[in-house]
Amino acid sequence: MARSVKVAVIGAGVSGLVAVRELQREGHDVVVFEKSNRVGGTWVYDPKSDSDPLSIDPTREIVHSSLYLSLRTNLPRPLMGFLDYPFSKRESGDPRTFPGHEEVLRFLEEFASEFGINGLTRFETEVVKVERKGKENEWVVESKSTRVVDSVSREVFEAVVVCSGHFVEPNLAEFPGIETWRGFQMHSHNYRVPQPFKNQVVILIGFGPSSYDISRDIAAVAKEVHVTTRPNPDLMGVKLENCGNIWFHNMIKCVYEDGLVDFEDGFSIYADAIIHCTGYKYHLPFLETNGIVSIEDNRVGPLYKHVFPPALAPWLSFIGLTFKDPVFHVIELQAKWVARVLSGKVLLPTEEGMMESVEDFYQFMEGKGVPKRYTHSLRPFQVDYKHWLVEQIGLPPLENWRDDMYNHNFKNLVEMNEKFRDQWDDNYWDAIIQSESAS
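As the structure is a prediction and not an experimental result, all values here were calculated from the model.

Describing the overall build of the protein chain
Step number 1: On a plain count of helices and strands, the protein chain comes out with 8 helices and 21 strands.
Step number 2: Within the protein chain, buried positions represent 51% of all 439 residues.
Step number 3: In the protein chain, once contacts between residues fewer than 6 apart in sequence are set aside, the share between residues at least 24 apart is 63%.
Step number 4: Counting every atom, the protein chain has about 20300 Å² of accessible surface; 49% of that belongs to carbon and sulfur.

The structure is reproduced here in structure tokens:
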């Protein structure tokens, strides 16, 4: 007989929403805690940003969303839906295959409505502490209302699923002179629109998806945009063909109080602003496990397959920690796995077996020279990871088009094909999807 447990889900973003659906399907009793007043997590655009543009002041007013106004998805719709709930186009919405963020939020809101998730969610409720008490499956969740002062409440759950995201606590670049540099600095978490940078010389540190988009957004109004990245002989000193005022350089060597910025490739320029597009730190201030789960150099661990801490499994789990992956698909598979493990339909290895797997993975990373901070980066193993989850859950193999489409999309991003989103061949991919579905 399947087991039903009382589960607290922390966060009503993508991870939380699909976790709730899967937990419900397995017959669990679910309560969702969401700090904001609506579902969607990081996909809820907020024109406001943190009161500290670098997001390092612990007393700052924190805004959860990292969205900028112009953001479009960098994954096509077929990779941003769920296995039985596709991200379809609608007549009254954004018709593009790579739509704007508003369309993603609409999709998530419809998903929440379809599966009755809003009724299970305690909105405007912030989780301030999660702690195990007594028995292994007795967790006290302490929360407070974001509207009512001194409104702390405590409730006991058998299991906790952490879906709080990892795009809130920024990681910043460090280099000599930055403490006294006179220019304006911000983290990309707080970027919204380009107008404040009109006629300025702007430097972006990093070359991930946010830097890729923001550099082009700002280039429309800025005097010059200089993007720093790790040494790449194909990019150094190159001016972007379709954006005549964007240049690429090696990383910053040092900066000076008068505004001068020296790069490692020998180039120097006086700049008005530096934007740190340098990613985020995992941040779980509410979680108290007496050191069983810790964060070291951006590694949350130890976690079996990025989800279960061996000593606390299956009663504590994490969904959505991984990156460099087809995020919606991976999250859905993780959620199905967690829900079925909690119901007893899928068994985990022993604590010793899980810990051995974690240690083997850490040794593999060390042997390959991979830094700890990339522990939760799935690429280039995202395909193996997805298929492993599919086997654990007991699903039929996923269609090949999903991996082929993801790899084709990734190739466009790496090659900086700026127009790939608008040149995407829907007919080609629709034919492949239909062909595989029919076979």
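From this point, the discussion proceeds with the structure in view.
Notes on the packing of aromatic side chains
Step number 1: Overall, the coordinates contain 26 aromatic pairs when judged by the stated rule.
Step number 2: In this structure an aromatic cluster arises from ring pairing among Phe82, Tyr85, Phe87, Phe107, Phe111, Phe115 and Phe328.
Step number 3: We note lysine 305 situated over the ring of tryptophan 388; from NZ or CZ to the ring centre the distance is 4.7 Å.
Step number 4: Seen from the ring of phenylalanine 410, arginine 379 lies directly overhead, with NZ or CZ sitting 3.5 Å from the centre.

A few points about the sheet that holds strand β12 (residues 246-249)
Step number 1: Overall, parallel pairing links the 5 strands, which are arranged β9-β16-β10-β11-β12 in an open sheet. Of all strands in the sheet, those with a lone pairing partner are β9 (184-187) and β12, marking the two edges. Direction aside, the axes of adjacent strands within the sheet are offset by 20° on average.
Step number 2: In this structure, strand β10 (residues 201-205) lies alongside strand β16 (residues 273-276), joined through 4 bridges in parallel fashion. Looking at β16, one finds that leucine 204 is bridged to isoleucine 275.
Step number 3: Across the sheet, helix α3 (residues 209-219) touches β10, β11 (224-228), β12 and β16, and the angle it forms with β11 is around 165°.

Digging into empty space enclosed by the protein
Step number 1: Across all of its chains, the model carries 1 cavity of 30 Å³ or more by this definition.
Step number 2: Of the volumes computed, that of the largest cavity is approximately 40 Å³.
Step number 3: Across the lining of the largest cavity, the residue classes break down as 5 nonpolar, 4 polar and no charged.

Conventions we followed
Residues numbered from 1 in each chain as written. Predicted model: local features only at pLDDT ≥ 70, side-chain atom pairs only at ≥ 80, totals over all residues. Heavy atoms only, no water. Helix = DSSP H or I, 4+ residues; strand = E, 2+ residues; numbered from the N terminus. Buried < 20%, exposed > 50% of the residue type's maximum accessible area, 1.4 Å probe, protein only. Contact = heavy atoms within 4.5 Å. Areas by Shrake-Rupley, 256 points an atom, 1.4 Å probe, with all protein chains shown as cover. Phe/Tyr/Trp six-rings, centres within 6.5 Å; stacked < 30°, edge-to-face > 60°. Lys NZ or Arg CZ within 6 Å of the ring centre and 35° of its normal. Pairing = 2+ DSSP bridges. Axes fitted to C-alpha atoms, helices over the stretch in contact; angles between N-to-C directions. 1 Å grid on protein atoms, 1.4 Å probe; cavity = no way out; pocket = protein on both sides within 12 Å on 5 of 7 lines; lining within 4 Å. Points joined across faces, edges and corners; volume = space filled by probe spheres on them. Nonpolar A, V, L, I, M, F, W, Y, C, P; charged D, E, K, R; others polar.

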